[in-house]
Amino acid sequence: MAAPLSFVLNGKPVTVQSPGDRMLVWVLRDELGLTGTKVGCEAGLCGACTVLVDFEPVPSCATPVADVAGKSVLTIEGLAVDGRLDPVQKAFQDHHAFQCGYCTSGMILAAWSLLRTKPRATRAEILAHMEGNLCRCGAHVRILDAIEAAGQVLGGAR
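Predicted model only: the values in this text are computed from it and were never measured. (Residues numbered from 1 in each chain as written. Predicted model: local features only at pLDDT ≥ 70, side-chain atom pairs only at ≥ 80, totals over all residues. Heavy atoms only, no water.)

S.K.: I tried to follow the overall build of the protein on my own but got confused; where do I start?
M.R.: The number of helices and strands found in the protein is five helices and five strands. Listed by position from the N terminus, the elements making up the protein come as β-β-α-β-β-β-α-α-α-α. When its C-alpha atoms are laid out on the principal axes, the protein stretches across 45 × 30 × 25 Å. Of all 158 residues assigned to the protein, the portion counted as buried reaches 42%. When contacts within the protein are restricted to residue pairs at least 6 apart in sequence, those whose partners lie at least 24 apart make up 57%. Total accessible area on the protein stands at roughly 7,800 Å², and carbon and sulfur atoms take up 55% of it. Where the 14 positive side-chain charges of the protein centre and where its 15 negative ones centre are 5 Å apart. (Helix = DSSP H or I, 4+ residues; strand = E, 2+ residues; numbered from the N terminus. Buried < 20%, exposed > 50% of the residue type's maximum accessible area, 1.4 Å probe, protein only. Contact = heavy atoms within 4.5 Å. Areas by Shrake-Rupley, 256 points an atom, 1.4 Å probe, with all protein chains shown as cover. Lys, Arg positive; Asp, Glu negative; His and termini not counted. Charge placed at Lys NZ, Arg CZ, Asp CG, Glu CD.)

S.K.: Could you clarify how one ought to interpret the packing of aromatic side chains in this entry?
M.R.: What describes a pair of aromatic rings is the distance from one ring centre to the other and the angle between the planes of the rings. Applying the stated criterion across every chain yields a total of one aromatic pair. Positioned above the aromatic ring of Phe55, the side-chain terminus of Arg116 is 3.9 Å from the ring centre. (Phe/Tyr/Trp six-rings, centres within 6.5 Å; stacked < 30°, edge-to-face > 60°. Lys NZ or Arg CZ within 6 Å of the ring centre and 35° of its normal.)

S.K.: Explain helix α1 (residues 24-31) here, please?
M.R.: Because the α-helix completes a turn every 3.6 residues, residues three or four places apart line up on one side. Along α1, the residues that are buried comprise Leu24, Val25, Val27 and Leu28. On its buried face, α1 is in contact with β1 (2-9), β2 (12-19), β3 (50-53) and β5 (72-74). One or two steps after α1, the chain reaches Gly33, where phi turns positive at roughly 70 degrees.

S.K.: Would you take a moment to explain the pattern of salt bridges for this structure?
M.R.: For the coordinates displayed, the defined rule picks out six salt bridges. The salt bridge involving Asp145 is made with Arg123; its shortest N-O contact spans 2.5 Å. Remark: Arg123 occurs in helix α4 (residues 123-129) and Asp145 occurs in helix α5 (residues 140-154); sequence separation between them is 22 residues. Between Glu148 and Arg123 there is a salt bridge whose closest N-O contact spans 2.9 Å. Residue Glu148 is located in helix α5, and its partner Arg123 is located in helix α4; the two are separated by 25 residues in the primary sequence. Classification of Glu148 by relative accessible area gives partly exposed; the value is 26%. (Salt bridge = Lys/Arg side-chain N within 4 Å of Asp/Glu carboxyl O.)

S.K.: Explain the pairing of β3 here, please?
M.R.: Residues in a regular strand project their side chains so that they alternate between the two faces of the sheet. Neither face of β3 is open: one carries Thr50 and Leu52, the other Val51 and Val53, and all of them are buried. Looking at chain direction, β3 and strand β4 (residues 56-59) are connected through four bridges and run antiparallel. Residue pairing across strands places Val51 opposite Val58, the latter belonging to β4. The hairpin turn running from β3 into β4, its antiparallel successor, is two residues long, and Asp54 in that turn takes a positive phi close to 50 degrees. Sheet topology note: the β3/β5 ladder contains two bridges and is antiparallel. Looking across to β5, one finds that Leu52 is bridged to Leu74. (Pairing = 2+ DSSP bridges.)

S.K.: For this particular structure, what's the right way to read the sheet that holds β4?
M.R.: Strand pairing in a sheet relies on backbone hydrogen bonds, with the paired strands running either antiparallel or parallel. Taking strand neighbours across the sheet as the criterion, the five strands line up as β2-β1-β5-β3-β4 in an open arrangement whose pairing is mixed. Edge positions in the sheet fall to β2 and β4, since each of these pairs with one other strand and no more. Sheet twist, expressed as the mean angle between neighbouring strand axes with direction ignored, is 45 degrees. Sheet strands touched by α1: β1, β2, β3 and β5. Its angle to β2, the strand with the most contacts, is close to 105 degrees. (Axes fitted to C-alpha atoms, helices over the stretch in contact; angles between N-to-C directions.)

Keep in mind that these numbers describe shape and distance, not what the molecule does.
What follows is the structure in structure tokens.
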């Protein structure tokens, strides 16, 4: 049964009428029209559907919408400000850190959450943090380079 659920999405309050056990990715895509969050494995394993809930990466395909009630959700659509790419997005663009691009939104959000608290992360720390995000195209080296470059741009606390 659908019940009103409220949360903050990309900085703005939203209320949806949705069954609480519906997965967040489908609410974002089908009910709110935000298709930047991709559907990959639908088991929470590949990271393509990663969004940030209270600044922590979560697989939206395995997160019931009821779990985000009262919380803050950030999707790839909420990262750029006034049409200007976030430094992480810009670094991915500059380093061509994608091939097909399907995993890119999840990669960027996972990287953003790491750099938010640790902009000078080592490559080993980046690798460990990105463990849950898979790129099937083989762009991993460019992705790691982009995350390091974004960290250098950020250089400190956000």
